[in-house]
Amino acid sequence: MEATLSDQRPQKLYADRPYIAIWETTRACDLACVHCRAEAASRRFPGELDTRQALELIHQIADWGVPLFVMTGGDPLKREDLMVLARECSKLGINFALAPSVTPLLNADNLEKLRDAGVHRISLSLDGAMAITHDSFRGIPGTYNRFLEAADLIRQMGIRLQVNTTIGRHNKFQIWEMAQLIRRFSIDLWSVFFLVPTGRGSKAQALNARETEGVLNQLYEILKQGWFDVKTTEAHHFRRVILQKYGVAPDQLGEALKAKPDPVLARTARGVGDGRGFVFISHTGDVCPSGFLPLSAGNVKDSPLPNIYQKSWLFQKLRDTDSLKGKCGRCEYRYLCGGSRARGYALTGEIMAADPYCAYQPSRRAKTH
């Protein structure tokens, strides 16, 4: 279920099922990242979904036909039953990926087991072009070198590689250098997360609106190089930046893509956002609009995931793009973008508030609410 035309509203496109579901398998992790939204610790937390509950969740994902399922953490490798869960995903034909932490657990032996269990795609985090930047952010010396070693191993084993990067004040001047570094690994996707002040993340670490706009323009230039695909998380206005570069109005996107299919322009056509096309299941089973918007709409221990996603007030509200407030509500790009609901909530306490870190001022002709 993908958005292909800009006049299809997200609340209708994603009312039945999300495009992506992310499950926080555990909050246990041996890193000490300064921005960690999960506030992870090295131990397993009480109340995590057990193997039976996890398998039930996986079957719901399969029956629901969710296009993409991601098992993240914390560090999924801290779960003793991870290989069992991965094999079940593979048996059910789920398109799934794994996001482990770069620790000594991510070794050749475990990578071989993951590959044999059916893991075809792994994402690793890189948060600086130099060891001092990355290791300071991740809280453990040597993590940068472990990333390089793990990335090489993953590619040698024939596993597809995605790189995740959290952008903040620590690395805002290293965008091109990081792109050049990860280019050598022939990655599928660079997934760039713009820091949201939640968990251990603070407002002081995040970029302001002007800085965010500057980074988005750099990411556009990198995307145009064709080295790999680039996706942003909690910076949905990357779609607006691309459209502006192409001189295509939001209501012209569908016709533009029909006339000339373009992978860069097509990056704007899926209006996925927090709670609309995206669902996050916590380690204890709470169902949230995203990991950066920690508001629970229910728990999979008590109710089926599709029921929570489709019927909860919280998710229905977030899919109602016409309820956006402030400049997001009158923006001509609101159906493709909609702003970061997580950031709006973190900084204002209101889930439909305008994204404070978007520099764009809507056209006066745009519809108002």
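Residues numbered from 1 in each chain as written. Predicted model: local features only at pLDDT ≥ 70, side-chain atom pairs only at ≥ 80, totals over all residues. Heavy atoms only, no water.

Draft legend 1. The arrangement of the overall build of the chain in detail. Looking only at helices and strands, the chain features 15 helices and nine strands. Across the 369 residues that make up the chain, the buried fraction comes to 59%. (Helix = DSSP H or I, 4+ residues; strand = E, 2+ residues; numbered from the N terminus. Buried < 20%, exposed > 50% of the residue type's maximum accessible area, 1.4 Å probe, protein only.)

Draft legend 2. Here's a closer look at the packing of aromatic side chains. Overall, the coordinates contain nine aromatic pairs when judged by the stated rule. Ring centres of Tyr309 and Phe315 lie 5.4 Å apart, and the angle between their planes is 55 degrees; on these two criteria the pair is classed as tilted. A relative accessible area of 0% means that Phe315 is categorised as buried. Each ring, one from Tyr333 and one from Tyr360, has its centre 5.5 Å from the other, and the planes form 80 degrees; the classification is edge-to-face. With a gap of 27 residues between them, Tyr333 in the loop between α14 (326–329) and α15 (341–348) and Tyr360 in the segment after α15 connect regions that are remote in the sequence. One aromatic cluster in this structure is built from Trp176, Trp190, Trp227 and Phe228. Its guanidinium or amino end placed over the ring of Tyr309, Arg319 lies 4.5 Å from that ring's centre, counting from NZ or CZ. (Phe/Tyr/Trp six-rings, centres within 6.5 Å; stacked < 30°, edge-to-face > 60°. Lys NZ or Arg CZ within 6 Å of the ring centre and 35° of its normal.)

Draft legend 3. Seen up close, the side chain of Arg121. Following the sequence through the fold, Arg121 ends up in strand β4 (residues 121–125). In contact with Arg121, other than residues within four places in its own chain, are Ala97, Leu98, Ile159, Arg160, Gln162, Asp188 and Leu189. (Contact = heavy atoms within 4.5 Å.)

Draft legend 4. Region of interest: unusual backbone geometry. Between Gly73 and the following residue, Gly74, the backbone shows a cis peptide bond with an omega angle of 15 degrees. Residue position: Gly74 is located in the loop between β2 (68–72) and α3 (82–91). Of note, the phi angle at Ser186 is positive, near 50 degrees, even though the residue is not glycine. Looking at the element boundaries, Ser186 is found in the loop between α7 (175–183) and β6 (189–194). Here the phi dihedral of Glu234 falls at roughly 60 degrees; this positive angle occurs in a residue that is not glycine. With respect to the secondary-structure elements, Glu234 resides in the loop between β7 (229–233) and α9 (238–246). According to the relative accessible area criterion, Glu234 is buried, its value standing at 2%.

Draft legend 5. Just the packing of helix α2 (residues 51–64) against α3, in detail. Contact geometry of α2 with α3 gives a least axis separation of 10 Å together with a crossing angle of 20 degrees. The orientation of α2 relative to α3 falls into the category roughly parallel. Two packed elements cross with a definite hand, and for α2 against α3 that hand is right-handed. Packed against α2, whose contacting residues are Thr51, Ala54, Leu55, Ile58 and His59, the element α3 presents Leu85, Glu88 and Cys89 at the interface. (Axes fitted to C-alpha atoms, helices over the stretch in contact; angles between N-to-C directions. Parallel < 35°, antiparallel > 145°, perpendicular 65-115°, else oblique. Left-handed = near helix turned anticlockwise from the far one by under 90°.)

Draft legend 6. Structural view of the environment of Asp116. One can find Asp116 in helix α4 (residues 108–116). In the structure, Asp116 is positioned 33 residues away from Met83 in sequence and 9.0 Å away in space, judged by C-alpha atoms.

Draft legend 7. Focus on the pattern of salt bridges. Scanning the entire structure with this criterion turns up 18 salt bridges. Via salt bridges that share partners, Arg121, Arg160 and Asp188 belong to a single interconnected network. (Salt bridge = Lys/Arg side-chain N within 4 Å of Asp/Glu carboxyl O.)

Draft legend 8. Quick look at α9. When we look at burial in α9, the residues that qualify are Phe238, Arg239, Arg240, Val241, Ile242 and Leu243. Contacts made by the buried residues of α9 are with α8 (209–225), β7, α10 (253–259) and α11 (263–266). Phi for Gly247, located one or two positions after α9, is positive at around 70 degrees.

Draft legend 9. Up close: α8. A rise of 1.5 Å per residue sets the reference length of α8, with its 17 residues, at 24 Å; its end C-alpha atoms lie 25 Å apart and thus fit the reference within 8%. Inspection of α8 places Ala209, Glu211, Thr212, Glu213, Val215, Leu216, Leu219, Tyr220, Ile222 and Leu223 among the buried residues, and these make up the whole buried set. Looking at the packing, one finds that the buried side of α8 touches β5 (160–167), α7, β6, β7, α9 and α11. Measuring from the backbone nitrogen of Arg210 back to the side-chain oxygen at the start of α8 gives 3.2 Å, which picks out Asn208 as the cap. Phi turns positive, to about 80 degrees, at Gly226, one or two residues after α8. (Expected span 1.5 Å × (residues − 1). Polar contact = N/O pair within 3.5 Å; in protein donor to acceptor, adjacent residues only side chain to side chain.)

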